[in-house]
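What follows is the residue order along each chain.
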Amino acid sequence: MGKPTDLLQGTLDLLILKTLALEPMHGWGITLRIQQISGDVLQVQPGSLYPALHRLEHQGWILAKWAQTDAGRRAKYYSLTRAGRQQLEREAKQWRRLSGAVTTLLDTV
Amino acid sequence: MATRLHHRVRMALRSFLRRPAAERELDEELQFHFQEMEARKATRGSARAKAHSQARRRFGGSDQVKEACRDMRTLRPVEDCLQDLRFGVRLLTRSPLFSIVAVLSLALGIGANAAIFSLINAIILRPLPVTEPEQLYIARVTHPDPLAPPSTALIFSNPVFEDARDLVAGPAEMAAATTIRQMQIATSDSRRATSQLESGQVQLVSGEYFHVLRQRPQIGRLLGPGDNRTLGSHPVAVISDSYFRRKFGRSPDVLGRSLIINDAPFTIVGVTAPEFFGTELATHTPHVWVPLMMQASVRYAGNRLSRGDVRNPWPPQREIQWLNIFVRVPSGDVAAVAEAMTLALQRGYRLRNDYNEDAELQRRYQANRVALTPGSRGLSPMRDDLSTPLLALFGMVGLLLAIACANIASLLLARATNRYREMAIRLSIGAARGRLMRQLLTECLLLALIGGGLGLLVSSWGSRALLTLANYGTAATSGGLDLSPDWRVAGFTLGVAVLTGLLFGMLPALRSARVSLAETLKSQARSVISARGRGRLPAAKALIAGQLAFALLLLIVAALFTRSLQQLIRVDIGFDRDHVLIARVDARAAGYTPAELPPLYRRVVERVTAVPGVTAASVSRNGPFGGGYVTSGFEAEGYTRGRHEWLVTGEDYITPGYFRTVGLAMKMGRTFGPHDSARGRKVSIINETMARRYFSNRNPIGSRWGYGTNFDEDGFEIIGVVQDARYDGLKSDSPSMAYLPAAQRPDDYLASLEMRTAGNPAALASTIRNALREAEPSLPVTSLETLDERVARGMRQEQLLAWLTIGFSAVALFLACLWHHLIRSNAADGGARRAHGAGREPGCGAVAHHARGAHTRADGIDRRPTARVPCDAHDGDAVLWHHTGRSCGAQRRRGHARRHRGARSVSAGTPRLAY
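Residue positions are counted from 1 within each chain, in the order its sequence is given. Whichever chain is written first becomes A and whichever ligand is written first becomes 1, with later ones labelled in order. Local features are withheld for residues below a pLDDT of 70 in this predicted model, meaning they are given only at 70 or higher, and side-chain atom pairs are given and counted only at 80 or more; totals for whole chains, interfaces and linings count all residues. Computation of side-chain values covers all heavy atoms of the structure but excludes hydrogens and water.

Caption draft 1: Geometry of the packing of helix α2 (residues 19-43) of chain B against helix α4 (residues 62-71) of chain B. Residue and element names in this part refer to chain B. Lines fitted to C-alpha atoms define the axes here, with helix axes fitted over just the stretch in contact, and angles between the N-to-C directions of these axes take values from 0 to 180 degrees. We count a stretch as a helix when DSSP gives it H or I for four or more residues in a row; a strand needs E for two or more, and each element gets its number in order from the N terminus. Closest axis-to-axis distance for the α2/α4 pair is 11 Å, and the angle between their directions is 135 degrees. With respect to α4, the axis of α2 lies oblique. As for how α2 packs across α4, the hand of that crossing is right-handed. Contacts between α2 and α4 pair E23, L26, D27 and L30 from the former with S62, V65, K66, C69 and R70 from the latter. The labels follow the angle: roughly parallel below 35 degrees, roughly antiparallel above 145, roughly perpendicular from 65 to 115, and oblique for the rest. Helix crossings get a hand from a simple test, with the near helix turned counterclockwise from the far one by less than a right angle marking a left-handed crossing and a clockwise turn marking a right-handed one. In this analysis, two residues are considered to be in contact whenever any of their non-hydrogen atoms come within 4.5 Å of each other.

Pasting the structure below:
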């Protein structure tokens, strides 16, 4: 239960961390941002997003804080910690290596 | 890295400790997400309703999301466990009748098991409280000939002990000890006069005793080898902790004070450690230890195998075997030590005059070997006595617990059927099946552990009560038996409790977790039951059948025990058990010389016969049911014995009135008279068994028997044959007995004073005690009881077993019936509730029917509108129904549904989430 069906788990972590690298954001915001930037290719379901957020928080990569939205509503904002930033770099590097390898493979053969 | 670890721990603890807040935040966070999503759809022009359902679809069950989020918490397992426990407790308090009866029957069942186990632990399993008890061995003499009389441990003379000790010095250490004897002890010091005489338990030990047992003194010093060198010149004593406490109030100035033991003064040099109770787990534990060399001074005359002169000091005599030997073998090479001891034993035999002269004795003794048996638990007559009954009881209480288990299991099964709906709902809103099973097992374990805890209380009380009933109570309180629960008992109880919980919880849990989600939710409650009912019945029936079978088994055992008890009660013991009162006197301890004995006995008999109501009196060495008697090997004139046959007979020395007093009839010949005196012909009376066995082909009157074959000089002429009587207790037939006139055994101290009464003997007890005290103030009376009491003591174990089994089977039957009743009424109750469309369990108490279809699908709403009150209708979307007919407010206050694992989100308050 709660297993992401649309995205690989590790990839989702990477996307969340990357999205939060720009600015603190609430869950809904993260969903929108990923959807927009990916041109509606990546759709994050709450069933994947929130467990992932909670896990990342427990691992100390992101930090949660309640704050007001622009519209004046209370929402839980997540921001990247220092450890989270390092983790993002590690994961990004790994992803690049992997996707580069896959691309190379696809282009060559 | 350290900070991250720190962070994770903090997060884990925070989310664990602030669970309610975390739950609220999670709720709010998801609500925010959902509302934003809805708002976005709405601005994009979808109709509100459409947006709602779309959002709902996209959101994908907020409960599953929450559950997934909760799963991310580090301490989730602990959280779950606590939650299960809380829920379990709530369930138990919800059905108090079930819980109380279940917990009580478990407490009884587990407690009975723990009680028997703690007795087994204390009596059979627990080692002596000494260092490295596994190195200790007890020496026994074995004979290869299976026809030889069984050996006892008490078989060593002091010279053999000393030889053996010196022979194995190095690889092994050796100590000797006598049996424990009751002696007259007075305490005194320089300032105060000697206190009144009191009997106490004294054991004589060699100087190595305390060292071999690795004992340290509490104060002062213990006996050492230097305290046991010269005959009669070591008047030093060590006292036990309980004696120290009782007689001296733990006053440290006890050292140097004197103890008068059987008239011999001793100086107290030390006190043993509190936990030390000697080497014998028995009814009597020693109060005082004195050196072996003081045997003659304290007039020790305990058990022995003697061909020597018991009137002279025993330690130098090779012919008197009176010692137990304890060996500590640190090297573990037991065989070599036993070999060396055998050498010393045989060498000892060859140094004996009687051995060298007696070819028969040589033939008998030359094959004797020393064997070492593990002695880590000491010598224990009590263990030999109680082992079998304890193991039998253990089996019975096991059955009892099995019945309790089956009972609870069958009731839980019935409840499980009622809980299918609860389970189905919880499954549907995101609980895993494993999680449900764990929850059910937790409930059962909780029940079992509460029962086990109470059981420990029951057991500590029960084991003491059992011991008291078995007449070992005084021993337990005098410090011999440590019944306090140790890790073994605690572990056993815990193990039994957990096992019990798993046992009675497994079947219902498996069943509940197997519930079919779609079928249960879809169908009406009634049809669920009927569909499931077919599968349920065989198990429930088997359980009930099993209980009844177990109860029946217990009943049969009870009947068997009762039957054997009944037979024991009916046994004709020979003696007239209804009119005899017996006093034990100790003339030896009081210091009477053998020459003073005949007049003493005469005076005593005259005095008690003068008491109104006493019709006859006599004095004897052992008396009826006196707990032991002398046995001797003998030769019968005119009897040819077989190659391996040894003639053995019991003996008693009696004054002339004995047979009339104890109610034994003469069958032939005459009884003793005044002319059978020390100067007269040596005469004896034999019982029917002895006459039948050894004088069957001739008239026993006038025949002779003797310890040797020279009948003219040493033989006893048989002047009468007396009726048989049971001397070995109720269970064995009358032994062969020979009675000798006390007048012809002037050196023997007679300990038993029998009195025949016209009426109830117990009524005369105090009168006689007073009369004796008045007539012979210095003669200690150590006990005074009726023969019937003595006989009954021999049946106590059987009595106890019979009563216990009857009790157990009554409890078992009661439990079986009670549970049967409970299950039936529960089923009926459940049935009635189900007719209202409700489950019995709280989880079913409030069920949210999510979709609109709930109205039409929910069964019973049209038929019985009053039974189902809509609590809260909101937008026609979420309707909270509750089925139990309680008011909504009450329901909400209790908050069943909300706190329900898995049903957590189904709030009884205003629905915050649209579905």
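Caption draft 2: Spotlight on the side chain of H54 of chain A. Structurally, the position occupied by H54 of chain A is in helix α3 (residues 46-59). Distance and chemistry together define a polar contact, namely a pair of N or O atoms within 3.5 Å, with one atom able to donate a hydrogen and the other to accept it when in protein, and with adjacent residues in sequence counting only for side-chain atoms on both sides. Polar side-chain contacts of H54 of chain A include one of 3.4 Å to the side chain of E29 of chain B. Excluding residues within four positions of it along the chain, H54 of chain A makes contact with K76 and Y78 of chain A together with L26, E29, C69 and M72 of chain B.

Caption draft 3: View of the pattern of salt bridges. What counts as a salt bridge is simple: a side-chain nitrogen of Lys or Arg found within 4 Å of a carboxyl oxygen of Asp or Glu. Scanning the model with the defined rule gives 27 salt bridges over all chains in all. A salt bridge links R221 of chain B to D227 of chain B; the nearest nitrogen and oxygen atoms lie 2.7 Å apart. Given the relative accessible area of 37%, R221 of chain B is considered partly exposed. For the exposure calls, accessible area comes from a 1.4 Å probe over protein chains only, and a residue counts as buried if that area is under 20% of its type's maximum, exposed if over 50%, partly exposed in between. Relative accessible area serves as the criterion here: at 9%, D227 of chain B is assigned to the buried category. Note that R790 of chain B and E785 of chain B form a salt bridge whose closest N and O atoms lie 3.0 Å from each other. Both residues of the pair, R790 of chain B and E785 of chain B, count as buried. What emerges from the salt-bridge pattern is a single network uniting K76 of chain A together with E25 and E29 of chain B.

Caption draft 4: How the structure looks around the interface of chain A and chain B. Opposite the 30 residues of chain A that make contact, chain B presents 29 residues. Two parts lose some accessible area (1.4 Å probe) when they are put together, and adding that loss for both gives the buried area. Note on chain A versus chain B: buried area summed over both sides is about 2800 Å², and carbon and sulfur give 60% of it. Our enumeration of links across chain A and chain B arrives at 4 salt bridges. A salt bridge links E25 of chain B to K76 of chain A, with the shortest nitrogen-to-oxygen separation between them at 4.0 Å. On inspection of chain A and its partner chain B, the count reaches 6 residue pairs in polar contact (both at pLDDT 80 or more). When contributions to the side of chain A that touches chain B are tallied by element, the ones reaching two or more residues are α2 (27-37), α3, β2 (62-68) and β3 (74-80) of chain A. For the side of chain A that touches chain B, the leading source of residues is α3 of chain A, giving 10 residues. Gly falls in the polar group here, along with every residue not listed as nonpolar (Ala, Val, Leu, Ile, Met, Phe, Trp, Tyr, Cys, Pro) or charged (Asp, Glu, Lys, Arg). A breakdown of the residues in the side of chain A that touches chain B according to their chemical character gives 13 nonpolar, 12 polar and 5 charged.

Caption draft 5: Expanded view of the packing of α2 of chain A against α2 of chain B. The N-to-C vectors of α2 of chain A and α2 of chain B enclose an angle of 45 degrees; their axes lie 8 Å apart at closest approach. Taken as axis vectors, α2 of chain A and α2 of chain B run oblique relative to one another. Contacts between α2 of chain A and α2 of chain B involve G27, W28, T31 and L32 of chain A from the first element and F32, H33, E36, M37 and R40 of chain B from the second. Tallied by class, residues from the contact of α2 of chain A with α2 of chain B come to 4 nonpolar, 3 polar and 2 charged.

Caption draft 6: Layout of unusual backbone geometry. All names here are of chain B. If you check the backbone angles, R250 has positive phi at about 60 degrees while not being a glycine. Among the secondary structure elements, R250 is positioned in the loop between α9 (241-248) and β7 (258-261). With phi around 75 degrees, D263 is a residue other than glycine that occupies positive phi space. Summarising the element assignment, D263 is placed in the loop between β7 and β8 (264-272). Judged by its relative accessible area of 48%, D263 is partly exposed.

Caption draft 7: Highlighting the pairing of strand β2 (residues 173-177) of chain B. Residue and element names in this part refer to chain B. Counting buried positions along β2 gives 4 out of 5 residues, so the element sits mostly inside the fold. Paired strands are those between which DSSP finds at least two bridges. Summarising the sheet, β2 and strand β12 (residues 324-328) pair through 5 bridges and their orientation is antiparallel. Paired with M174 across the strands is V327, a residue of β12.

Caption draft 8: Looking closely at the confidence of the model for chain B. Residues and elements named next belong to chain B. Within chain B, residue pLDDT values average 76, and 78% of them lie at 70 or more. Note on scores: pLDDT gives the predictor's confidence for each residue, bounded by 0 and 100. Across residues 473-479 the pLDDT falls below 50, and counting only partners more than four positions away or on other chains, this stretch makes 11 contacts in the model. In this model, residues 830-915 is a region of pLDDT below 50 whose contacts with residues beyond four sequence positions or in other chains number 148 contacts.

Caption draft 9: Main features of α9 of chain B. Burial in α9 of chain B covers these residues: D241, S242, Y243, F244 and F248 of chain B. Following α9 of chain B by one or two positions, G249 of chain B adopts a phi angle in the positive range, close to 55 degrees.

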